[in-house]
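Listed below are the residues making up each chain.
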Amino acid sequence: MRWNVLVAVAAGIGSVTVTATALGAEMLVCGFSSNKVYRYNMSGGLIGTLDVAGNLSGPLCARMGPDGKIYVVSEGNNRIVRFSASTGAYIDDFVSDAGLNSPTGITWDGAGNAYVASFNGNKVRKYNSSGGFVSDFVTAGSGSLSGADNGISFGPDGNLYVPSYNNNRVLKYNGVTGAFISSFIPSIGRPRTFEWFNGSFYITTETGNAVQKRSALNGVNQGNFVAAGSGGLQTPIGMAFGGDGFLYVTSANNRILKYNATTGAFVGIFADATTSDLNLPAFITIIPTPGVGCVLLASSLAMARRRRG
């Protein structure tokens, strides 16, 4: 069976990412099987969840959009749901479209257009800033895309990078036309989310139980940054560099694990299910606390998800 898991990541807008400094930030974690998005302070304390009125089903990605709202990809009912970043209240359905066909991830270009990965459709759909459908930006199966996943993100070079989960690749597409360019990573075990950080490319490998470090220029493997199984890491999906010297990674044993952002060494458990009904954490987004301004960084982050098959 194919099953989905979410992961940690900050929101991508074109070739820049909306993120926050560690001071005053909060972390959103998608609980795929609990159908909730949890809010934590950066000490690991549970603040609450996003408004249940959003009717989430299998949330696979949560990112802050260019309008300052939180966008949650609800895979189970083919919706992109918006919430207030300051209160967590449900605002509206940005997109409710059967054509999404199991959406997994979302990112934006500099003009505010949204790009949504369609896992079962094997494509990327483009919507305008009002949620109106524009086109299939990456057409079905382009570049052998199979299982477009939630790590979808624009890179520093302006091109679009998409995890191809079913055939173990990361594919690169022209950021303007959507045309296939190359297999940026031609072989990796179940790629989920990725992030450009300090000039390198980091990616979670679900079957490798690790976070790999790769060349940001050509995707060449530079080894495991987080060693396989380090700190009890199981089926990693999401990750985010917190700006506080730590890397946060989701683990299928219902934990968010914390690692040194320079060495990859295990530091400890950031949060787990002992304080909530967190079930299958899959995606991590670090956002400013209400009232704190965003810092735009020239990097791109990624996310992930668990599968049924």
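Reading the values: rules and limits
- Residues numbered from 1 in each chain as written.
- Predicted model: local features only at pLDDT ≥ 70, side-chain atom pairs only at ≥ 80, totals over all residues.
- Heavy atoms only, no water.
- Helix = DSSP H or I, 4+ residues; strand = E, 2+ residues; numbered from the N terminus.
- Buried < 20%, exposed > 50% of the residue type's maximum accessible area, 1.4 Å probe, protein only.
- Contact = heavy atoms within 4.5 Å.
- Areas by Shrake-Rupley, 256 points an atom, 1.4 Å probe, with all protein chains shown as cover.
- Lys, Arg positive; Asp, Glu negative; His and termini not counted.
- Salt bridge = Lys/Arg side-chain N within 4 Å of Asp/Glu carboxyl O.
- Polar contact = N/O pair within 3.5 Å; in protein donor to acceptor, adjacent residues only side chain to side chain.
- Pairing = 2+ DSSP bridges.
- Axes fitted to C-alpha atoms, helices over the stretch in contact; angles between N-to-C directions.
- Phe/Tyr/Trp six-rings, centres within 6.5 Å; stacked < 30°, edge-to-face > 60°.
- Lys NZ or Arg CZ within 6 Å of the ring centre and 35° of its normal.
- pLDDT = per-residue confidence, 0-100.

A.B. asks: I tried to follow the overall build of the chain on my own but got confused; where do I start?
C.D. replies: For the chain, the helix and strand inventory stands at zero helices and 30 strands. When burial is assessed residue by residue, the chain has 57% of its 309 residues classed as buried. A fraction of 54% describes how many contacts in the chain between residues 6 or more apart in sequence connect residues 24 or more apart. Carbon and sulfur atoms provide 49% of the accessible area of the chain, an area that totals close to 10100 Å².

A.B. asks: I would appreciate a short explanation of the side chain of arginine 214 in the present structure.
C.D. replies: With respect to the helices and strands, arginine 214 occurs in strand E22 (residues 210-215). It turns out arginine 214 is buried and unbridged, and the closest side chain with the opposite charge, glutamate 195, is 15 Å from it. From its side chain, arginine 214 meets the backbone oxygen of glycine 219 in a polar contact 2.7 Å long. For arginine 214, the residues in contact, after removing those within four places along its chain, are Ile185, Ser187, Ile188, Ser200, Phe201, Ile203, Gly219, Val220, Asn221 and Gln222.

A.B. asks: Quick question: what am I supposed to make of the sheet that holds strand E21 (residues 200-205) here?
C.D. replies: Paired through backbone hydrogen bonds, the strands of a sheet run either parallel or antiparallel to each other. If you walk across this open sheet you meet the four strands as E20-E21-E22-E23, and the pairing is antiparallel. Both edges of this open sheet fall to strand E20 (191-197) and strand E23 (221-226), since each of them pairs with a single strand only. With direction set aside, neighbouring strand axes in the sheet form an average angle of 30°. Pairing of E21 with E22 involves six bridges; the strand directions are antiparallel. By the bridge assignment, serine 200 is partnered in E22 with serine 215.

A.B. asks: Where do I start with the packing of aromatic side chains in this structure?
C.D. replies: Any two aromatic rings considered together are summarised by their centre-to-centre distance and by the angle between their planes. In this structure the tally under the stated criterion is 21 aromatic pairs. With a centroid separation of 4.9 Å and 75° between ring planes, the pair formed by tryptophan 196 and phenylalanine 201 is classed as edge-to-face. For phenylalanine 201, a relative accessible area of 0% translates into the label buried. Every member of this aromatic cluster is reached through a ring pair, and the members are Tyr161, Phe184, Phe194, Trp196 and Phe201. Over the ring of phenylalanine 246 we find lysine 258; its NZ or CZ atom is 4.1 Å from the centre of that ring.

A.B. asks: Can you walk me through the sheet that holds strand E17 (residues 160-164) in this structure?
C.D. replies: With antiparallel pairing, the four strands of this open sheet are ordered in space as E16-E17-E18-E19. Among the strands making up the open sheet, the edge pair consists of strand E16 (153-154) and strand E19 (180-185). Here two bridges tie E16 to E17, and the two strands are oriented antiparallel to one another. Paired with serine 153 across the bridge in E17 is tyrosine 161.

A.B. asks: It is not clear to me how the pairing of strand E5 (residues 25-31) should be interpreted in this structure. Could you clarify?
C.D. replies: In summary, the side chains of a regular strand alternate between the two faces of the sheet. Burial runs high along E5: seven of the seven residues are buried. Burial of E5 is two-sided: the residues Ala25, Met27, Val29 and Gly31 facing one way and the residues Glu26, Leu28 and Cys30 facing the other way are all buried. When E5 meets strand E28 (residues 281-288), the two strands line up antiparallel, connected through seven bridges. Bridge pairing in E28 places cysteine 30 opposite phenylalanine 283. Judged from the six bridges that link them, E5 and strand E6 (residues 36-41) form a sheet pairing that is antiparallel. Bridged to methionine 27 within E6 is tyrosine 40. Connecting the antiparallel pair E5 and E6 is a turn made up of four residues, with asparagine 35 showing a positive phi of about 60°.

A.B. asks: What exactly am I supposed to notice about the environment of glycine 268 here?
C.D. replies: With respect to the element layout, glycine 268 can be found in strand E27 (residues 266-272). Sequence separation between glycine 268 and tyrosine 248 is 20 residues; the distance between their C-alpha atoms is 10.0 Å.

A.B. asks: Can you help me understand the confidence of the model for the chain in this one?
C.D. replies: In regions of low pLDDT, the predicted coordinates are not meant to be interpreted in detail. In this model, the chain carries a mean pLDDT of 87, and residues with pLDDT of at least 70 account for 85%. A low-confidence stretch, residues 1-23 stays under pLDDT 50, and its non-local contacts, those more than four residues away or across chains, total 152 contacts. pLDDT under 50 marks residues 289-309. Its contacts with residues more than four places away, or in other chains, come to 120 contacts.

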